[in-house]
Amino acid sequence: MIQDGSNVVLQNHTSSPFADYYSFIQQYNGILIQDATIKICIDKNGIQKFITGNYFTTSSWEISGLNNNAIKLNIALAEYYNIPIETRADKKIIVSETNIPQLVYAFDYLNPRDKSRTTIILNEDLEILSENDHRSYFSAVDSTVTGKIFKPDPLTSAETNYAGAYRDFNDADTAVLTAQLFDVTFKVQFENDTFFLRTDSVIIKDLNAPSTPVVTSLTPDFNFTRSASGFEDVNAFYHIINFSNYILSLGYVNLQNFYIEIDPHGASGADQSFYVSAAIPTIQFGEGGVDDAEDADAIVHEFTHAISDKASPESNSGLERRALDEGYGDYFAASYSRMFSDYHWNLIFSWDGHNEFWNGRNANTNKHYPEDNSADYYGSSEIWSGALMDIFDAIGKENTDKIVLESLYGSFPNMTMPDAAQMILSSEETLFGGLYYSVIYDILDLRGLFTLVPIDVSNALSEIQFINSDGFTFRDEALIIKLPLVEQYTLEIFDIEGKLIHIATGNSEVISILPSSMQKGINIIRITTAQTKISYKIEKL
């Protein structure tokens with residue numbers, strides 16, 4: 001029987017232009033707990049902006065150990081999931097909604113053929129408890145070349161609907177669709193007398209069926225119409241590079257410093273596209289219905305999954321968390337399209353969807369939390385994309401894009417929409433110091449996203465400053481709390497289970513808390529004065 005306590009270990013550290021984000025994963029007796037992730041944000045002044053995530057109380061746990069011998073998949077499971085029989089399992093702990101822990105086996109496999117990744121979790125009897133394919137669906141020398149693209153799609157630029165002559169016609173060239181092609185210039189790599197659709201970070205590649213050779217050129221032009229497979233190659237490459245360069249212009253360099261492979265003719269030809277999180281991340285665009293790589297909405301949506309994964313690795317699990325990621329993708333699809341035109345901006349996948357093939361999605365619904373939240377996380381995502389687009393309309397594209405990008409760093413497994421709403425407010429306070437706080441709060445509140453009141457209260461509202469959170473958390477230095485004026489206060493410190501472990505009173509403007517006043521792990525500080533009462537979460541490592 002295992003009866004030891006738990007601890008946290010650093011999982012990853014990412015940085016935005018404005019703050020550092022630390023992800024810790026909880027362990028119990030040295031075994032990782034599934035989805036037990038804690039996120040801490042420290043701004044560039046060393047001040048802790050928030051601590052959030054999932055942390056389990058383990059004092060009552062008793063877990064029977066699994067077989068210590070290494071196990072491998074049985075033949076039937078290996079064949080069904082296309083996982084090599086020699087793949088070995090890691091032990092993990094999964095926790096029920098009633099805080100009952102269970103030791104399990106987790107098999108994780110990266111398929112070298114199509115770069116897909118599969119994780120399955122089995123109990124001690126090798127019964128499947130869950131599976132995750134880690135896919136996020138929606139249903140040399142640089143040289144400048146020319147090419148033709150849709151900007152962002154033929155229906156938006158023509159300001160028309162999918163009907164009549166403005167239909168797919170199985171990829172055939174038609175006069176009205178060819179008239180919507182735009183000439184652009186962009187950079188590719190030149191090697192051995194050949195121009196390739198690749199950069200140091202993005203490459204067009206044939207990853208999966210249908211087998212379609214990637215287009216290259218001996219001259220600096222990639223001027224294809226949509227009947228040629230090279231058109232989708234160029235269209236996908238251009239919009240990913242263009243969107244990536246825009247993010248770089250906002251200062252988010254660390255969100256773009258990764259390598260990704262793109263297959264514009266993949267997904268086994270299905271009418272869907274997906275992003276795969278892996279050591280080498282990939283995106284495959286399907287060809288069913290309208291080719292997905294012909295629609296900038298689909299391209300940017302899938303690339304947003306990659307950006308989200310870069311900001312907060314291995315965080316996209318749980319129904320609401322997946323709905324949020326779909327909402328982020330739809331938001332940036334709409335935001336990017338509005339760089340070119342506001343026509344039908346709310347119709348996400350304007351060309352690929354909203355036709356006889358599938359219905360697409362809408363970034364301008366009146367969906368409300370929690371009644372419109374459901375197991376259909378694609379439908380639920382419209383709550384989040386709608387809220388973000390309301391913010392877009394209130395404070396502008398660039399301001400909203402920055403706030404949303406910053407908030408991606410705070411994502412964690414099983415995150416809820418109210419968690420994400422609080423993250424948006426925290427990101428606004430980090431970037432703009434509360435300038436848009438009230439406007440954004442009202443928008444998110446109208447969507448029902450503050451039905452769960454977070455324990456953290458923004459400094460923009462409290463005027464209480466927490467100083468040296470970084471030193472306190474990581475270096476055993478004192479935490480300094482500065483009140484807005486000299487006044488009588490009561491300071492209480494609770495552990496994660498709500499047990500009072502320290503109390504102090506005084507009459508001062510500055511309160512100093514020594515590390516010895518807290519237990520290791522998450523602690524809750526509550527300060528009560530005649531003017532205010534706030535609670536603040538902080539972790540002591």
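Residues numbered from 1 in each chain as written. Predicted model: local features only at pLDDT ≥ 70, side-chain atom pairs only at ≥ 80, totals over all residues. Heavy atoms only, no water.

**Student:** Help me get a handle on the overall build of the chain, residues and values and all.
**Tutor:** Broken down by element type, the chain carries 12 helices and 25 strands. Taken over C-alpha atoms, the radius of gyration comes to 25 Å for the chain, in line with the 24 Å a tight globule of 541 residues would show. Buried positions account for 56% of the 541 residues belonging to the chain. In the structure as shown, the chain presents an accessible area of about 21,700 Å², 49% of it carried by carbon and sulfur atoms. (Helix = DSSP H or I, 4+ residues; strand = E, 2+ residues; numbered from the N terminus. Rg over C-alpha atoms; globule rule 2.2 N^0.38 Å. Buried < 20%, exposed > 50% of the residue type's maximum accessible area, 1.4 Å probe, protein only. Areas by Shrake-Rupley, 256 points an atom, 1.4 Å probe, with all protein chains shown as cover.)

**Student:** So what's going on with helix α6 (residues 319-337)? Which residues, and what values?
**Tutor:** The end-to-end C-alpha distance of α6, which contains 19 residues, comes to 27 Å, matching closely the 27 Å that a straight helix rising 1.5 Å per residue would cover. Taken across its 19 residues, α6 has 18 buried, putting it largely inside the fold. (Expected span 1.5 Å × (residues − 1).)

**Student:** I'd love a proper account of the packing of α6 against helix α9 (residues 417-432), names of residues and values included.
**Tutor:** Between α6 and α9, the shortest axis-to-axis distance is 9 Å and the interhelical angle comes to 50 degrees. With respect to α9, the element α6 is oriented oblique. The segment α6 lies against α9, with Glu320, Ala323, Leu324 and Tyr328 engaging Met417, Pro418 and Ala420. A breakdown of the residues in the contact of α6 with α9 according to their chemical character gives six nonpolar, no polar and one charged. (Axes fitted to C-alpha atoms, helices over the stretch in contact; angles between N-to-C directions. Parallel < 35°, antiparallel > 145°, perpendicular 65-115°, else oblique. Contact = heavy atoms within 4.5 Å. Nonpolar A, V, L, I, M, F, W, Y, C, P; charged D, E, K, R; others polar.)

**Student:** Talk me through the confidence of the model for the chain; I want residue IDs and the actual numbers.
**Tutor:** Averaged over every residue, the pLDDT of the chain is 87; residues scoring 70 or more account for 90%. Residue range residues 452-461 is modelled with pLDDT below 50. Its contacts to residues more than four positions away, or to other chains, number 23 contacts. (pLDDT = per-residue confidence, 0-100.)

**Student:** I'd like a rundown of unusual backbone geometry, residues and numbers included.
**Tutor:** Of note, the bond from Lys151 into Pro152 is cis; its omega dihedral lies within 30 degrees of zero at -5 degrees. In this fold, Pro152 is placed in the loop between β10 (141-150) and α2 (154-158). A cis amide bond links Tyr369 with the next residue in sequence, Pro370, at an omega value of 5 degrees. By the secondary structure assignment, Pro370 is in the loop between β20 (361-362) and α7 (377-395). Residues other than glycine seldom take positive phi values, yet Asn170 does so here, at roughly 55 degrees. One can find Asn170 in the loop between α2 and α3 (175-178). For Asn170, a relative accessible area of 71% corresponds to the exposed category. Within the chain, Glu314 stands out as a residue other than glycine whose phi angle is a positive 55 degrees. Looking at the secondary structure, you find Glu314 in the loop between α5 (296-311) and α6. Residue class for Glu314 comes out exposed when judged on its relative accessible area of 53%.

**Student:** With reference to specific residues and values, describe the pattern of salt bridges.
**Tutor:** A complete count under the given rule lists 20 salt bridges for this structure. Residues Arg447 and Asp390 are paired through a salt bridge, measuring 3.0 Å at the closest nitrogen-oxygen approach. Pair noted here: Arg447 is in the loop between α10 (437-446) and α11 (459-462) and Asp390 is in helix α7, with a separation of 57 residues, a long-range link. According to the relative accessible area criterion, Arg447 is buried, its value standing at 7%. (Salt bridge = Lys/Arg side-chain N within 4 Å of Asp/Glu carboxyl O.)

**Student:** So what about the packing of aromatic side chains? Which residues, and what values?
**Tutor:** Applying the stated criterion to the full structure yields 24 aromatic pairs. When the ring of Tyr21 is compared with that of Phe50, the centres are 6.2 Å apart and the planes differ by 50 degrees; the resulting orientation is tilted. Taken as a pair, Tyr21 in strand β2 (residues 19-28) and Phe50 in strand β4 (residues 48-53) lie far apart in primary sequence, 29 residues in all. Considered together, Tyr21 and Phe50 belong to a single accessibility category, that of buried residues. Members of the aromatic cluster, joined through ring pairs, are Phe243, Phe258, Phe303, Tyr331, Phe332, Tyr336, Phe340 and Phe392. Here the basic side chain of Arg198 rests over the ring of Phe196, its NZ or CZ set 4.4 Å away from the ring centre. Over the ring of Trp345 we find Arg338, and its NZ or CZ is 4.4 Å from the ring centre. (Phe/Tyr/Trp six-rings, centres within 6.5 Å; stacked < 30°, edge-to-face > 60°. Lys NZ or Arg CZ within 6 Å of the ring centre and 35° of its normal.)

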